[in-house]
Amino acid sequence: MPEETIVGTESKGDCRIRLKPGSSGLEIKTSSKGLFEPGIRGVAKEVLSQLEPPQAGIVIEDYGALDYVIAGRLEGAIRSSFPDIPLIRPKVARDPSERDRLRRTRLYAPGNNPRVLVGIELHGADCVLLDLEDSVPPAEKGAARILVKHLLATIDFFEVWVRINPLDTYGKDDLAEVILGRPHGICLPKAESADDVRALAKELSRLESDLGWEEGTTLIMPIIETGRGVLHAEEIAAADERVAVIAFGAEDYTRDVGARRTQDALLYPRSQIVAAAAAASIQASDTVYADIDDEEGLIEETEHIRELGFAGKGVINPRQIGPIHSVFSPSEEEIEDARRIVAAAEEAERGGRGAIAIGGKMIDRPILERAKRTLRLAEKIEEEGR
Amino acid sequence: MKNALGREIPDRIGERAPRPFSGAFETVPTGRKAPRPQKTVKPGENKVLGSIEEAIEASGLRSGMTISFHHSFRNGDYLVNMVVDACARMGIGDLRLFPTALFPVHEPLIEHIKNGVVSRIEGSMNGPVGAFVSQGGKLKQPAVLRSHGGRWRAIEAGDVHIDVAFIAAPQADPYGNATGIKGKTPCGPITFCAVDAQHAEKTVVVTNDLQPYPVYPFEIQQGWTDYVVVVDEIGDPASIASGTLKITRSPTRLKIARLAAAAVKASGYFKDGFSFQGGAGGISLAATKFVGEEMEREGIVGSFAMGGGTKLLVDILHRGLVRAILDGQAFDTDAIASLREDKNHVLMDPGHYANYDSRGCATYMLDAAFLGATEVDLDFNVNVNTHSDGQLLHGIGGHQDVAAGAKLTLITVPTLRGRLPVIVDRVTTVTTPGEVIDAIVTERGIAVNPRREDLKERFVKAGLPVRELAEIKAEADRLTRPPGRPVFGDEVIAVIEWRDGTVIDTVRRVVGWK
């Protein structure tokens, strides 16, 4: 007797599918049959017509799931019961992202939790990072990557990344699935060498060309979270054209090296990562701040990492976005100062003078560069920030 | 006939010849207030009776009459069930129930409806009684739903004549003065039924805490009270005053609240003397908190805040951000304590705050208010009474009164509840007309009523995400296939009155689905 497959949960915004091979029927349990059954049945029929599974009895228990959640759960259940069935390939129109996009915040969302995933695009993070790695237990990896694919295919993100598992565990399967949702980039956890990055880049090239996409358009964000990774930050950052950001993961790093999470303990890896990013002309993004109720601590840490040279920070709760964005946004005075410096430089250039001075004070090159960077950031926030 | 919103209103609804809604401020009242029989008591007369049964007997309550109640104990009220049970035991039936509101705790009424003890209900029905009545064929006359101000008006105007008003009083004296903010189980002010007490043929105060004369403040006065009854329990205060209401932690709801507060700030009304209605629902409570923080940051001192009183509003008062709180209800223990102790926390009845047929409403003095909705439509009409499946499940509360009065009425809603769209082409039931709604605040942006181009300009200038309501709707609709739609028959389950007594909509029996 074939086993019943159960995918999904009873939590709000989710649905649970019970699938029994050999049996038959499509039953829908929902809070209001009149309101919801027709829509849910419609989604289910569409999925069934795409997958054409062998006969099976299906029960959908609805807890307020959106269409893409139902589709993801149902595909998950069917493919878990019938592993040979080819996957659904949604049509996704998403333009590739740019390497130097504004990325003050990257908001993590657990890939198998509709309660958090629904509306994740609306919280104002500069980029959203759908996680298949640490937040997803091994038994749920398959369901999660299918759900994430359907989410990607439905939602119009400002910028969206997927954190896959390491390539030597579930990473390749993750990639083959979520690439169909055309994420802007892939986050590679526990990156320790240029080879790790190149292996991912190679896999991406293969998939992109299979799909008929322009090669190299999917970006890579290696996450450095081991001692070895920190030591190799330079080669990781420079490993491939696709690498647009390198991120720091402090929790795993401190565990790996046996440190406690203090500002002092993190100063070296952070500085190393910023330097590696600068050498490769890419962005460095800091680790998350775990205590979501401690806004003061978050602001303090964000100010610190901004001083170090980071371009952004990980976020585990939407509440953290506002404070981080304010720290990373130049103040009116900073923008005004930067404008004056750049104007003075332009005037000096027109006058053929080498030295720039404002009010008798000499302005050297690094200060000019910083002023230009401030203006670029302000402009980017104006254009891309929300 | 069709009313001004294009809603079909039958020429007769049961025994009533309805006046159709013609606009938020079109009705001009005529006539005089309804009278109450004159009566006098001599010094030394006793009003205290031994039991509810004795009071029923003394009051002359008979089958076919109307009895009224207040809802200040909300889901902790015992009195409605006690009185109706007693009537049933005494063989009194065919009663018209005229509560301010019913809650899930009143589910036993369903049996009384089935066996004819209760044959009519006029009042808010939150929960099972509403669901039961929605099935159709349960009541002799359709239910009537009125706003806080609308109910007050209906009694004063004589639309509803009360035979006996039963008033649950957390503290009373033997002479019939009563309050809800003192006693063993305070439930907050009991001003909602002050009008019942003044217009009923007989007024019965039921208390679990009889104290020597005089009890004060007296929301209910000796001059209105015929009888006083002492019982062991009148309600469970834990279900109304269960400590502090919690601010939502949902990121989506917090986002809506933040946007609403930002909208208030950008509205042009946000300056010294600013006044607002603080909400108690998830989103409006958070919005109230953010508005308070913004007032503090900008150094703005408001004139008043209006309750339902909450700890949050009390804090705003104590931080000196407003000069006063005007309260008709209290939603937690802190608000009740503050009403007792702080002279700037002022008791107010619905006649003072919301009555259309009056010479002034406190809501008309409001700058800003946050209100909720079960549905909103593209004409900005709001439904708070029915669910999209046509079930009658909620009362109007002060929704109409506040929306009609406040200069800036913001409806704060998520675009989706589960897989159910909140923004629809046409609301299932109109509670409050779009003409008194200024903007809809959602997690996908703010839609400003086209009547308020001025507001739209201010919001855009402040960098707020202003969008067309249809565009917000389309974005949410992309995420769910359209829900099924109930098909309504002819039978009218309930009449929704606008606050002036005209009929803004009817709720009909669901006969199928399409």
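Residues numbered from 1 in each chain as written. Chains lettered and ligands numbered in written order. Predicted model: local features only at pLDDT ≥ 70, side-chain atom pairs only at ≥ 80, totals over all residues.

> Can you break down the overall build of chain A residue by residue, with the values?
Helices and strands together make up the secondary structure of chain A, namely 14 helices and 14 strands. Projected onto the principal axes, the alpha-carbon positions of chain A cover approximately 85 × 45 × 45 Å. Expressed as a percentage of the 386 residues in chain A, the buried residues total 46%. Looking at chain A alone, contacts between residues at least 24 apart form 71% of all its contacts between residues at least 6 apart. (Helix = DSSP H or I, 4+ residues; strand = E, 2+ residues; numbered from the N terminus. Buried ≥ 20, exposed ≤ 12 C-beta atoms within 10 Å, placed from the backbone. Contact = placed C-beta atoms within 7 Å.)

> I'd like to hear about the sheet that holds strand 3 (residues 26–29) of chain A, residue by residue, with values.
Residue and element names in this part refer to chain A. Spatially, the 4 strands line up as an open sheet ordered 1-2-4-3, and their pairing is mixed. A strand with exactly one partner marks an edge of an open sheet, and here the two such strands are strand 1 (5–8) and strand 3. Each strand of the sheet is rotated relative to its neighbour by a mean of 15 degrees, with strand direction disregarded. With 7 bridges connecting them, strand 2 (residues 15–21) and strand 4 (residues 56–62) associate as antiparallel partners. Bridge pairing links Ile17 to Ile60 in strand 4. Sitting on the sheet, helix 1 (residues 33–51) touches strand 3 and strand 4, and the angle it makes with strand 3 is about 140 degrees. (Pairing = 2+ DSSP bridges. Axes fitted to C-alpha atoms, helices over the stretch in contact; angles between N-to-C directions.)

> Account for the pairing of strand 12 (residues 312–315) of chain A, with residues named and values stated.
Residue and element names in this part refer to chain A. The pairing of strand 5 (residues 105–110) with strand 12 spans 3 bridges and is parallel. When the bridges of strand 12 are listed, Arg106 appears paired with Gly314. Relative to strand 12, strand 11 (residues 283–286) runs parallel, the two being bridged by 2 bridges. Directly across from Asp286, in strand 12, lies its bridge partner Lys313. For the crossover that starts at strand 11, traverses helix 11 (residues 295–308) and ends in the parallel strand 12, the hand is right-handed. (Right-handed = clockwise from strand over helix to strand, strands pointing away.)

> Summarise the interface of chain B and chain A; cite the residues concerned and give the values.
The partner chain A presents 19 residues to the 18 residues of chain B that form the contact. With 3 residues, the single largest contributor to the side of chain B that touches chain A is helix 7 (residues 251–266) of chain B.

> Go over the domain arrangement of chain B with me, naming the residues and quoting the values.
Residues and elements named next belong to chain B. Per the domain assignment, the segments making up chain B are domain 1 (48–239) and domain 2 (251–477). On a C-alpha basis, the centroid separation for the pair domain 1 and domain 2 is 29 Å. Counting from both sides, the interface comprises 31 residues of domain 1 and, opposite them, 31 residues of domain 2. Partitioning the side of domain 1 that touches domain 2 into residue classes produces 14 nonpolar, 12 polar and 5 charged. (Domains from an automatic or database assignment. Nonpolar A, V, L, I, M, F, W, Y, C, P; charged D, E, K, R; others polar.)

> Which residues make up the environment of Asp196 of chain A, and what are the values?
All names here are of chain A. Locating Asp196 in the fold gives a position in helix 6 (residues 194–210). Put simply, Asp196 and Pro222 are 26 residues apart on the chain and 8.9 Å apart in space, counted from C-alpha to C-alpha. Discounting chain neighbours no more than four positions away, the residues touching Asp196 are Leu188 and Ala191.

> Before we move on, could you go through unusual backbone geometry and cite the residues and values that matter?
Cis geometry is found at the peptide bond from Tyr213 of chain B to Pro214 of chain B, where omega equals -5 degrees. Note the cis peptide between Gly307 of chain B and Gly308 of chain B, where omega equals 0 degrees. By secondary structure assignment, the location of Gly308 of chain B is in the loop between strand 14 (302–306) and helix 9 (311–318). Phi at Glu52 of chain A takes a positive value of approximately 45 degrees, unusual for a residue other than glycine. Assignment of secondary structure puts Glu52 of chain A in the loop between helix 1 and strand 4. Residue Glu52 of chain A is classed as exposed on the basis of its 10 C-beta neighbours within 10 Å. With a phi angle near 50 degrees, Arg182 of chain A is a residue other than glycine that sits in the positive phi range.

> If you had to explain the nonpolar core to someone new, which residues and values would you point to?
Membership of the largest hydrophobic core comes to 255 residues, with the highest contact counts inside it found for Ile246 of chain A together with Ile167, Val206, Ala260 and Ala263 of chain B. Ranked by the residues each element gives to this core, the list is headed by helix 7 of chain B, at 9 residues. (Core = buried A, V, L, I, M, F, W, Y, C linked by C-beta atoms within 7 Å.)

> Go over helix 7 of chain B, please, and point to the residues and values.
Residues and elements named next belong to chain B. Look at helix 7: 22 Å from first C-alpha to last across 16 residues, which is about the 22 Å you get at 1.5 Å a residue. Most of helix 7 sits inside the fold, with 14 of its 16 residues counted as buried. Remark: Gly268 follows helix 7 within two positions and exhibits a positive phi of approximately 95 degrees. (Expected span 1.5 Å × (residues − 1).)

> How would you summarise the packing of helix 13 (residues 332–350) of chain A against helix 14 (residues 365–384) of chain A if you had to cite specific residues and measurements?
For any two helices packed against each other, the geometry comes down to the angle between their axes and how far apart the axes lie. Residue and element names in this part refer to chain A. For the pair helix 13 and helix 14, the least separation of the axes is 8 Å and the interaxial angle reads 125 degrees. When the axes of helix 13 and helix 14 are compared, the pair comes out oblique. Seen along the crossing, helix 13 lies across helix 14 with a hand that is left-handed. Contact with helix 13, carried on its side by Glu334, Ile335, Ala338, Arg339, Ile341, Val342 and Ala345, involves Ile367, Leu368, Ala371, Lys372, Thr374, Leu375 and Ala378 of helix 14 and no other residues of that element. Of the residues belonging to the contact of helix 13 with helix 14, the class tally is 10 nonpolar, 1 polar and 3 charged. (Parallel < 35°, antiparallel > 145°, perpendicular 65-115°, else oblique. Left-handed = near helix turned anticlockwise from the far one by under 90°.)

> Give me the environment of Arg509 of chain B: which residues, what numbers.
Tracing the backbone shows Arg509 of chain B in strand 27 (residues 503–513). The partly exposed category is assigned to Arg509 of chain B, around which 19 C-beta atoms lie within 10 Å.

> Summarise helix 11 of chain A; cite the residues concerned and give the values.
Residues and elements named next belong to chain A. An ideal rise of 1.5 Å per residue puts 20 Å on 14 residues; helix 11 measures up with 20 Å between its terminal C-alpha atoms. Those residues of helix 11 lying buried are Leu298, Glu301, Thr302 and Ile305. One side of helix 11 carries all its buried residues, which in axial view fall inside an arc of 105 degrees. Facing away from the buried side of helix 11 by more than 90 degrees, the exposed set consists of Glu296, Glu303 and Glu307. (Arc of directions from axis to C-beta.)

> Kindly report on the sheet that holds strand 1 (residues 48–49) of chain B, identifying the contributing residues and their values.
Residue and element names in this part refer to chain B. If you trace the 7 strands from one edge of the open sheet to the other, you get 1-12-11-8-2-3-5, paired in parallel fashion. Looking at which strands have only one partner, the edges of the open sheet turn out to be strand 1 and strand 5 (118–121). Judged from the 4 bridges that link them, strand 2 (residues 66–69) and strand 3 (residues 95–99) form a sheet pairing that is parallel. Directly across from Ser68, in strand 3, lies its bridge partner Phe98. Helix-sheet contacts for helix 1 (residues 52–59) involve strand 1, strand 8 (164–169), strand 11 (202–207) and strand 12 (227–230), and the interaxial angle to strand 12 is about 165 degrees.

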